[in-house]
Amino acid sequence: MTSSNWLVPVILERLELYDFIVAELQQREHLGGRQIRVLRKALKNQRDDLLAFAKVFNDKLAEITQQF
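Predicted, not measured: the structure shown is a model, and the values here were computed from it.

Thresholds applied
- Residues numbered from 1 in each chain as written.
- Predicted model: local features only at pLDDT ≥ 70, side-chain atom pairs only at ≥ 80, totals over all residues.
- Heavy atoms only, no water.
- Helix = DSSP H or I, 4+ residues; strand = E, 2+ residues; numbered from the N terminus.
- Buried < 20%, exposed > 50% of the residue type's maximum accessible area, 1.4 Å probe, protein only.
- Contact = heavy atoms within 4.5 Å.
- Salt bridge = Lys/Arg side-chain N within 4 Å of Asp/Glu carboxyl O.

Asker: Looking at this model, I keep getting lost on the overall build of the protein. Mind explaining?
Answerer: In terms of helices and strands, the protein carries 4 helices and 0 strands. Mapped from its N terminus to its C terminus, the protein presents α and β elements in the order α-α-α-α. The proportion of buried residues among the 68 residues of the protein is 16%. Restricting the contact set of the protein to residue pairs at least 6 apart, pairs at least 24 apart contribute 62%.

Dropping the structure here:
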């Protein structure tokens, strides 16, 4: 495993957890009405943008690991 290969499972796990949260919110929409629905839809539609910081972080971390 190269120094940056370990990041792939981290990224995939992060996406899986994010999708899990969105799915859990969807199951609870009937409890909170419109507020939960609006939140869930916003999170679903903006997933890639919201997680973009994590890719930058992972890339920087991979650069650092290359030095050692």
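Asker: Would you mind showing me how to read the pattern of salt bridges here?
Answerer: Where side chains of opposite charge bring their charged atoms close, a pairing between them can arise. All told, the structure shown has 4 salt bridges when counted by the stated rule. Put simply, Asp-19 and Arg-47 hold a salt bridge, and the shortest N to O gap is 2.9 Å. With Asp-19 in helix 1 (residues 7–27) and Arg-47 in helix 4 (residues 47–66), this residue pair connects regions lying 28 residues apart in the sequence. Residue classification places Asp-19 among the partly exposed positions, given a relative accessible area of 36%. Two residues, Glu-29 and Arg-40, come together in a salt bridge whose shortest N-O distance is 2.4 Å. Here the residue Glu-29 occupies a position in helix 2 (residues 29–32), and Arg-40 occupies one in helix 3 (residues 34–45), the gap between them amounting to 11 residues. What emerges from the salt-bridge pattern is a single network uniting Asp-19, Arg-47 and Asp-48.

Asker: Before we go on, may I ask you to explain the side chain of Arg-40 in this structure?
Answerer: For Arg-40, a relative accessible area of 10% corresponds to the buried category. Sequence-distant contacts of Arg-40, defined by excluding residues within four places in its chain, comprise Val-22, Leu-25, Gln-26 and Glu-29.

The values reported here are purely geometric and, on their own, carry no functional implication.
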